[in-house]
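# An overview of the molecular structure
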Amino acid sequence: KAGVTQTPRYLIKTRGQQVTLSCSPISGHRSVSWYQQTPGQGLQFLFEYFSETQRNKGNFPGRFSGRQFSNSRSEMNVSTLELGDSALYLCASSLDVGTTNYGYTFGSGTRLTVV
Amino acid sequence: AQSVTQLDSHVSVSEGTPVLLRCNYSSSYSPSLFWYVQHPNKGLQLLLKYTSAATLVKGINGFEAEFKKSETSFHLTKPSAHMSDAAEYFCVVTTGRDDKIIFGKGTRLHILP
């Protein structure tokens, strides 16, 4: 079966712009979570969605937002981009909310560069 | 509060020799622990997970990890390294209370020919 699909793979944006990233989970998976990966901070949890509701949120400013659609696909939006937002953004899907029993399957990520 | 510490940022081993990647955790509640591997320009792949069943967990590609509550450790091992094991490895902790996921900083494994 198809894995987790993230689009686009690469993106270059200018400071102050906004960006929307997309994630299609594995068929049947209802939970989608987002992570930011940078060399300095490592992997940081952004938020998790389940059944179109945000279930968990990391410590990121309000410029970072997301949503989940009825087909479990998710989008992440970053407004007013800053240079520090340059990162690999990873999406992961799971059968159910949380990782305790199921673990996550990750996509290959979207590499965002802010110039 | 929960946290996870990967004790080595880089580990180098020769092909065919054992691999040990160290991970210590801190958690106020019974943790679930995971190891993920990330190859260059790829997403993360689950190697193995501990969720309060057997303390010795076997994963894919010959990796295994042992949960030691007294030492708050979950070290990853493999008896014989292969060139294809060169990658970055992440130790991850969550708890059932809020399921927030905490990643370690990662250990980059180098395999010497």
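Refer to the structure above for everything that follows.
The rules behind each value
- Residues numbered from 1 in each chain as written.
- Chains lettered and ligands numbered in written order.
- Predicted model: local features only at pLDDT ≥ 70, side-chain atom pairs only at ≥ 80, totals over all residues.
- Heavy atoms only, no water.
- Helix = DSSP H or I, 4+ residues; strand = E, 2+ residues; numbered from the N terminus.
- Buried < 20%, exposed > 50% of the residue type's maximum accessible area, 1.4 Å probe, protein only.
- Contact = heavy atoms within 4.5 Å.
- Areas by Shrake-Rupley, 256 points an atom, 1.4 Å probe, with all protein chains shown as cover.
- Lys, Arg positive; Asp, Glu negative; His and termini not counted.
- Charge placed at Lys NZ, Arg CZ, Asp CG, Glu CD.
- Rg over C-alpha atoms; globule rule 2.2 N^0.38 Å.
- Disulfide = S-S within 2.5 Å.
- Core = buried A, V, L, I, M, F, W, Y, C linked by side-chain atoms within 4.5 Å.
- Pairing = 2+ DSSP bridges.
- Axes fitted to C-alpha atoms, helices over the stretch in contact; angles between N-to-C directions.
- Phe/Tyr/Trp six-rings, centres within 6.5 Å; stacked < 30°, edge-to-face > 60°.
- Polar contact = N/O pair within 3.5 Å; in protein donor to acceptor, adjacent residues only side chain to side chain.

## Remarks on the overall build of chain A
If you tally the helices and strands in chain A, you get zero helices and eleven strands. For chain A, the N- to C-terminal ordering of α and β elements is β-β-β-β-β-β-β-β-β-β-β. On the principal axes, the C-alpha backbone points of chain A span a range of 40 × 25 × 25 Å. The buried share of chain A, reckoned over its 115 residues, is 50%. Contacts in chain A between residues at least 24 apart in sequence constitute 55% of all its contacts with a sequence separation of at least 6. Roughly 5200 Å² of accessible area belongs to chain A as shown, and the carbon and sulfur atoms make up 47% of that amount. For chain A, the distance from the average position of its 11 positive side-chain charges to the average position of its 6 negative side-chain charges is 5 Å.

## Looking at the overall build of chain B
The helix and strand tally for chain B stands at zero helices and twelve strands. Helices (α) and strands (β) of chain B occur, in sequence order from the N terminus, as β-β-β-β-β-β-β-β-β-β-β-β. Taking 113 residues into account, the globule formula puts the C-alpha radius of gyration at 13 Å, and chain B, at 13 Å, falls close to it. Over its C-alpha atoms, taken along the principal directions, chain B stretches across nearly 45 × 30 × 20 Å. Each of the 113 residues in chain B was classed as buried or not, and the buried ones make up 44%. Considering only contacts within chain B whose residues lie at least 6 apart along the sequence, 56% involve residues at least 24 apart. Total accessible area on chain B is roughly 5500 Å²; 51% of this is exposed by carbon and sulfur atoms. With 11 positive and 9 negative side-chain charges, chain B shows a separation of 5 Å between the mean positions of the two kinds.

## What about the environment of A:Ser94?
Residue and element names in this part refer to chain A. By secondary structure assignment, the location of Ser94 is in strand S9 (residues 87–94). For Ser94, a relative accessible area of 0% translates into the label buried. Linking Ser94 and Val32, residues 62 residues apart in sequence, is a C-alpha distance of 6.5 Å.

## As for the state of the cysteines
Per the counting criterion, the structure on display carries two disulfides over all chains. Covalently, A:Cys23 is tied to A:Cys91 through a disulfide, its sulfur atoms 1.7 Å apart. Judged by the sign of its S-S torsion, about -50°, the cystine formed by A:Cys23 and A:Cys91 is left-handed. Of this pair, A:Cys23 sits in strand S3 (residues 19–24) while A:Cys91 sits in strand S9, and the two are 68 residues apart along the sequence. Note on accessibility: A:Cys23 and A:Cys91 belong to one class, buried. The disulfide that involves B:Cys23 links it to B:Cys91, with 2.0 Å between the sulfurs. One quick way to see it: the torsion about the S-S bond of B:Cys23 and B:Cys91 is about -65°, and its sign makes the bridge left-handed.

## Focus on the nonpolar core
Core analysis: the biggest nonpolar cluster contains 26 residues, and B:Trp35, B:Leu48, B:Leu76 and B:Tyr89 have the highest contact counts within it. Looking at this core element by element, the count peaks at four residues for strand S10 (residues 87–95) of chain B. A:Leu11, A:Cys23, A:Trp34 and A:Leu112 belong to the second largest nonpolar core, which has 21 residues in total.

## With respect to the sheet that holds strand S8 (residues 74–78) of chain A
Residues and elements named next belong to chain A. Pairing is antiparallel in the open sheet, where four strands are placed in the order S1-S3-S8-S7. Lying at the two open borders of the sheet, with one neighbouring strand each, are strand S1 (5–7) and strand S7 (64–68). Within this sheet the neighbouring strands show an average axis-to-axis angle of 20°, counted without direction.

## Topic: the packing of aromatic side chains
Within this structure, the stated rule accounts for 14 aromatic pairs over all chains. Through successive ring pairs, a cluster of aromatic residues spans A:Tyr35, A:Phe45, A:Tyr104, A:Phe106, B:Phe34, B:Tyr36, B:Phe90 and B:Phe103.

## A word on the side chain of A:Arg63
Residues and elements named next belong to chain A. Take Arg63: it is sitting in the loop between strand S6 (53–57) and S7. A polar side-chain atom of Arg63 sits 2.8 Å from a polar atom in the side chain of Asp85. Not counting residues within four places of it along the chain, the set of residues in contact with Arg63 comprises Asn77, Val78, Ser79, Thr80, Leu81, Glu82 and Asp85.

## Thoughts on the side chain of A:Asp85
Residues and elements named next belong to chain A. Looking at the secondary structure, you find Asp85 in the loop between S8 and S9. What makes Asp85 buried here is its relative accessible area of 4%. Other than its neighbours up to four places away in sequence, Asp85 contacts Gln36, Arg63, Phe64, Val78, Thr80, Leu112 and Val114.

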